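What follows is the residue order along each chain.
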Amino acid sequence: SEWQSNREGEKRRSSKDLVIPRHEREDMLADLGYTQQDIAKATRSIIKSKNQRRQTIVNLKYESLEEKIEKTTRAVRSILRFGTKKGIIKKELYPEHVLNE
């Protein structure tokens, strides 16, 4: 495209060059009518979202382990429930004469 051909000779800007200092960003927002309270509220919301993303990344490391534990727990519970449903455990634990009393 024409835009790309015009940019071919230009050096790509680094991420450091793209950063706008905090005071300049705040001045720009104030010029648009945002209050310090608006900015603080938005900043808290952004920090909360970042922390949630970080926690998600940490949790992903343990996800497969948690799934294996849950699967094993369900299997053990199923085995234990199967025995009680059929009365197997009850018969083995209590002889006939105890159950009839």
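You'll find the structure just up there.
Residues numbered from 1 in each chain as written. Predicted model: local features only at pLDDT ≥ 70, side-chain atom pairs only at ≥ 80, totals over all residues. Heavy atoms only, no water.

Got a minute to help me understand the pattern of salt bridges in this structure?
Taken as a whole and judged by the stated rule, the model has two salt bridges. Ionic pairing is found between E26 and R22, a salt bridge with its closest N-O pair at 3.0 Å. Residue E26 and its partner R22 are both found in helix α3 (residues 22-31); the two are separated by four residues, about one turn of the helix. E70 is the salt-bridge partner of R74, the closest N and O atoms lying 4.0 Å from each other. With R74 and E70 both in helix α4 (residues 36-85), this residue pair falls four residues apart, about one helical turn. (Salt bridge = Lys/Arg side-chain N within 4 Å of Asp/Glu carboxyl O. Helix = DSSP H or I, 4+ residues; strand = E, 2+ residues; numbered from the N terminus.)

Please clarify how a nonpolar patch on the surface should be interpreted in this entry.
Residues V58, Y62, L65 and I69 make up a contiguous nonpolar surface patch of about 380 Å² in total accessible area. Along the polypeptide, Y62 turns up in helix α4. (Patch = residues over 30% accessible without salt bridge, like charges linked within 9 Å, V, L, I, M, F, W, Y side chains within 5 Å. Areas by Shrake-Rupley, 256 points an atom, 1.4 Å probe, with all protein chains shown as cover.)

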